[in-house]
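The chain contents come next:
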Amino acid sequence: MSDANTDFKTGYMIYISKKVLFITLFCILAALSVGLALSFGKYPIGFLESYEIFFDHIRGRVPEGEIAVTKDMIIWELRAPRVLMGLIAGAGLAACGVTMQSVMRNPLADPYTTGVSSGASLGAIIYLILGISLVPTLIGQNAAIANAFLLSLIPAGLIILISRFMKTTPAMMILIGVSVMFLFSAITSLIMLVSHPDQVAEAYSWTAGTLGRATWSNIPISAGIVSACCAIMMVYSGKLNLLSSGDKCARSLGLNPDGTRVVLLVIVSFATASIVAFTGTIGFIGLVAPHMVRIFVGSDNRYLMPASMAFGAFMLTAADCLAREAGTAGLPVGVVTAMIGGPLFLYLLVRKGKRT
Amino acid sequence: METGSENLKEEYHGYVFRKILFIVLCIIAIIVTAAYGCTLGGREISFVDVYKVIFNHIGGATYEQGSSEWWDDYIIWEIRLPRIVMAIVAGCGLSIGGIAMQSMLNNPLADPYTTGISSGVCFGAISAMVMGFTYSSILGQYGIVTNAFLFGLIPAAAIILLSRFVDASPATMILAGIAISYTFNSFNTLIMITSEAETLKSVYVWQIGTLSRASWNDLPTMLTVTIVGSAFVLLTTRQLNLLMLGEKSAISLGLDAGTYRIVCLAILSVSTAGIISYTGIIGFVGLVSPHIVRMLIGADNRYLAPAAMAFGSALLMVADIIGRIIVQPAELPVGVILSFVGAPIFLYIIMRQKKGYGGDLY
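Rules behind the numbers
- Residues numbered from 1 in each chain as written.
- Chains lettered and ligands numbered in written order.
- Predicted model: local features only at pLDDT ≥ 70, side-chain atom pairs only at ≥ 80, totals over all residues.
- Helix = DSSP H or I, 4+ residues; strand = E, 2+ residues; numbered from the N terminus.
- Rg over C-alpha atoms; globule rule 2.2 N^0.38 Å.
- Buried ≥ 20, exposed ≤ 12 C-beta atoms within 10 Å, placed from the backbone.
- Contact = placed C-beta atoms within 7 Å.
- Nonpolar A, V, L, I, M, F, W, Y, C, P; charged D, E, K, R; others polar.
- Axes fitted to C-alpha atoms, helices over the stretch in contact; angles between N-to-C directions.
- Parallel < 35°, antiparallel > 145°, perpendicular 65-115°, else oblique.
- Left-handed = near helix turned anticlockwise from the far one by under 90°.
- pLDDT = per-residue confidence, 0-100.
- Expected span 1.5 Å × (residues − 1).
- Core = buried A, V, L, I, M, F, W, Y, C linked by C-beta atoms within 7 Å.

As for the overall build of chain B
The helix and strand tally for chain B stands at 14 helices and 0 strands. For chain B, the C-alpha radius of gyration of 22 Å lies close to 21 Å, the compact-globule estimate for 362 residues. Overall, chain B is about 70 × 55 × 40 Å in size when its C-alpha atoms are taken along their principal axes. Across the 362 residues of chain B, 51% fall into the buried class. Taking contacts inside chain B between residues at least 6 apart in sequence as the whole, the part at least 24 apart equals 77%.

In C-alpha cells:
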C-alpha cells in the first residue's frame, strides 16, 4: 500500500516538475531573446556586451569614450524600449489569450474576441484621417494612442453593462463582442473608403501592429497596467480551471461563474487596450501562444499561465528582431510571428496528434 | 390521457407551424424586396411592371429593338437583375456555410471562414491585383477570380490532408484553420504594406465585399456551387443535429463524425470560395444570420437550415439595396452596410433572450 502511495507521489512530482521545467525553459528563452534583440541590428554589438551595457546603464555607470557612449545610446534609446515593449506585449497578450480561452471555453477566443482591436483601430483612424482627438489637449502620436485606448474599452464596457441586467453566457458575451466589432470595423471601412489612398496606407500601417512606436515615455503606462493585470490573472488561474470545466461544475465547487467572468473580462480588456493602443493589432500571439504552450504543459491554467507569458514574450521579442531589420523600413511584427509561427503551429499539431 | 396526447400533438404542430411560417415569410420578403431592388436606378420602372417584365421575359417575349418595352426588359434583365440574384445566391450560400460550420464544429464563433478560406481567397485576389490584373478588362477579371478561387481551396485542402495524420476533431480543425489563416494573412499584410498606396486602397476595397460587379457571366459558377453546398447541408441536417450533441453522442448514435466533417468541409469550402472570389470577403451574414434565426426559431437544423438560407438572402439583399439608395448616385459596399444594419439588430435580439443565449441551445 505504501509502495503504491510513493509511486503515486513520485509520479505526481515528475508530472509537476516537467511543467516547472518547461516554464523555466521558456523563461530562459525569453531572457536570451532580450540579449538577441538588444545585440541584433545594423550597428554591431556583442550578445553579452549588450547585457553588460544595459545593466551598466541601470546601475548608473556613465559610459566612457565615444564608442561606449554611442553603444549606450543605441542600446538604451533605440533598442531597449522596443525590446521591453515586446516583452510586455508578448507576455500580456499571451496571458489574456489564456484567460479568454478558459473564460469563454472556446479555442477560437483571443484577447481581441471582445472587439478590443476594432475599437483601437477605429480610435486611431478617427485621429489619423479625420483629425478628431477625444482628449483635446493631446496631439500627434499621443492623441492616436489616447483615442485607441478609450474606444477599445467600449466593447467590453457594453458587454459588462448588458451582463448587469441579464444572465450572460460565454457565447452571448462573445457574440455581443462580435457584433460591436462588426459595427466598429464597418465605420473604419467607411472612413477608409472615402479617404485618400495615402491616408489609407498610413492608417493601415498603424493598425497592422508594430513595436516601432515604443518609447521610454509610454513604457511605464503599459508596463504598469499589464503587469498588474497579469498578476491578477495569475491569482485567478486556479479559478479559471474551475470556469473551464463548465458553469455547473464551477458553481458546485463554490465559484460564482458570472461574477468571475465579468471581473476577468474587465482585466483582459484593460491589459489588451493598454497594449493595442501603443502597438496596433498584433495578432497571432494571444491566440496561438496559449495553444502552443498547451501542447507542452497541458491545460492546467496555474502552469499554463506563466508558461504562456514567458513563451509569448520570447516569441514576440525574437520575431521583432527580424521584423526590425527586414526590408528597408521593417515589417509589422505580426507578419513575422504569423509567418514563422503558423507553419510551426501546424507542425506541432500534427506531431502531437490526438493530444490537442 | 387521450386529451393529453391531443394537446401534445397540437402543441407540436404549432411548434412546427411557427418555423414554417418564418421560412415562408422570409421567402415572401425576398420576392417583394427583389422587385423593389429592380425599380432602383436611372430609368423609372414601377414595382408592378418589374414583375410583368420578368415574367414576360421568362415567357419568351421579344420586343422591337429600341422600343420602350425593349429598354425596360434590357435594363431589368441585363443590369438590375444579376445583382439581385447574386445577392440572393451569396446570402444563401454564406448562411448555409455558417450553419454547417457552427453545428459541425460545435462552436458559436465559427463561420464559413473559420477554416481559413477567406485568407486564401484574399491572398489569391491580392496577388493577382499586385501582379497587375485589374477589373477593367475581362482577362483581368477572370485572372483575379480564378486566382482567388484556387487559393481559397488551399486551406481546406491542407486541413483535409492534415486530418489523415491527426484526428478530424473540431478542435484540430479549428486550430489548423487558425494556423493556416494566420500564415496566409501575414502574406497579405506583407504584400499590402509593401505595395503602392493606390493598390493598397483597391485591395482594401476589394476585401470589404461588394455586389456591384455582378453580371450574368459570374452567376452560373456561383449558383452551381451554392446549390451543391445547400443541397448537401439540407440533406444532412439530421447528421448536423447529431453533431451538435457532441462528438461522443454523435458517434454512439451511429454517425462517422470525422468522415462527415471532412466531406462537409470539402463541399462547403468549394461553395464559399466560389462565392467570395466574385464578391470579396462579405462578413457578418455567415456568422450572424444563423444566430439570429436560431434565436427566433430554435436550433433544430432541419428547420434552421432552410430558414437561415432564406433569411441570409433577404438580409444581404436588403443591405445591398440600402447601400445603393443611401448615398445616391454613389453607393456603399454591401459589406459595410451589413454590419451597420445587422449589428444593432443582432444586439437587440441577443438582449431579448431572457434566459441567456447559449449559442447551441436546443
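The structure having been displayed, the exposition proceeds.
As for the overall build of chain A
The number of helices and strands found in chain A is 14 helices and 0 strands. Ordering the α and β elements of chain A from the N terminus gives α-α-α-α-α-α-α-α-α-α-α-α-α-α. Counting only C-alpha atoms, chain A reaches 70 × 50 × 40 Å along its principal axes. Taking all 356 residues of chain A together, the buried fraction comes to 53%. In chain A, 76% of the contacts between residues at least 6 apart in sequence involve partners at least 24 apart.

Focus: the interface of chain A and chain B
On the chain B side, the residues contacting the 50 residues of chain A number 48 residues. Counting residues per element, the ones that place at least two in the side of chain A that touches chain B are α6 (170-194), α7 (197-207), α12 (285-297) and α14 (333-352) of chain A. Here the side of chain A that touches chain B takes 15 residues from α6(A), the largest share from any one element. Considering only residue class, the side of chain A that touches chain B consists of 34 nonpolar, 13 polar and 3 charged.

Here's the deal with unusual backbone geometry
The residue Phe284(A) is not glycine, and still its phi comes out positive at about 75°. Note on placement: Phe284(A) falls in the loop between α11 (257-279) and α12. When the 32 C-beta atoms within 10 Å are taken as the criterion, Phe284(A) is described as buried. In this structure, Phe284(B) takes a positive phi of about 70° despite not being glycine. Within the secondary structure, Phe284(B) is located in the loop between α11 (257-279) and α12 (285-297).

Observations concerning the packing of helix α3 (residues 68-105) of chain B against α11(B)
Residue and element names in this part refer to chain B. Closest axis-to-axis distance for the α3/α11 pair is 10 Å, and the angle between their directions is 150°. Here α3 lies roughly antiparallel to α11, going by the angle between them. Seen along the crossing, α3 lies across α11 with a hand that is left-handed. On α11, the residues touching Ala90, Gly93, Leu94, Gly97, Ala100 and Met104 of α3 are Arg261, Cys264, Leu268, Ser271, Thr272, Ile275 and Thr279.

Quick word on the environment of Gln141(B)
All names here are of chain B. Along the polypeptide, glutamine 141 turns up in helix α5 (residues 138-162). Under the C-beta neighbour-count criterion, glutamine 141 is labelled partly exposed, with 19 such atoms within 10 Å. Separated by 114 residues in the primary sequence, glutamine 141 and isoleucine 27 have C-alpha atoms spaced 32 Å apart.

Regarding the packing of α3(B) against helix α13 (residues 301-325) of chain B
Residues and elements named next belong to chain B. Interaxial distance between α3 and α13 falls to 7 Å at its minimum, and their mutual angle equals 140°. Taken together, the axis directions place α3 and α13 in an arrangement best described as oblique. α13 is crossed by α3, and the crossing has right-handed handedness. Between α3, through Ile84, Ala87, Ile88, Ala90, Gly91, Cys92, Leu94, Ser95, Ile96, Ile99 and Ser103, and α13, the contact on the second element is made entirely by Asn301, Leu304, Ala305, Ala308, Met309, Phe311, Gly312, Ser313, Leu315, Leu316, Met317 and Asp320. Its residues assigned to classes, the contact of α3 with α13 shows 16 nonpolar, 6 polar and 1 charged.

Re the confidence of the model for chain A
Across chain A, pLDDT averages 87, with 98% of residues at or above 70. Mean pLDDT values over the elements of chain A span from 83, in α7(A), up to 93, in helix α8 (residues 219-235) of chain A.

Brief notes about α6(A)
An ideal rise of 1.5 Å per residue puts 36 Å on 25 residues; α6(A) measures up with 37 Å between its terminal C-alpha atoms. Burial of α6(A) is extensive: 20 of the 25 residues sit out of reach of the surface.

Quick word on the nonpolar core
Judged by nonpolar contacts, the single largest core of 235 residues is most densely connected at Phe311(A), Ala307(B) and Met317(B). With 17 residues, the single largest contributor to this core is α3(B).

A few points about α11(A)
Along its 23 residues, α11(A) runs 32 Å from first to last C-alpha, staying within 8% of the 33 Å computed at 1.5 Å per residue. Just downstream of α11(A), Gly280(A) is the residue with a positive phi angle, here 80°.

Things to note about the environment of Pro257(A)
All names here are of chain A. As for its placement among the helices and strands, proline 257 is situated in helix α11. Looking at proline 257, the number of C-beta atoms within 10 Å reads 19, which means it is partly exposed. As for proline 257 and leucine 243, which are separated by 14 residues in sequence, their C-alpha atoms are 6.5 Å apart. Sequence-distant contacts of proline 257, defined by excluding residues within four places in its chain, comprise Leu243, Asp247, Ala250 and Arg251.

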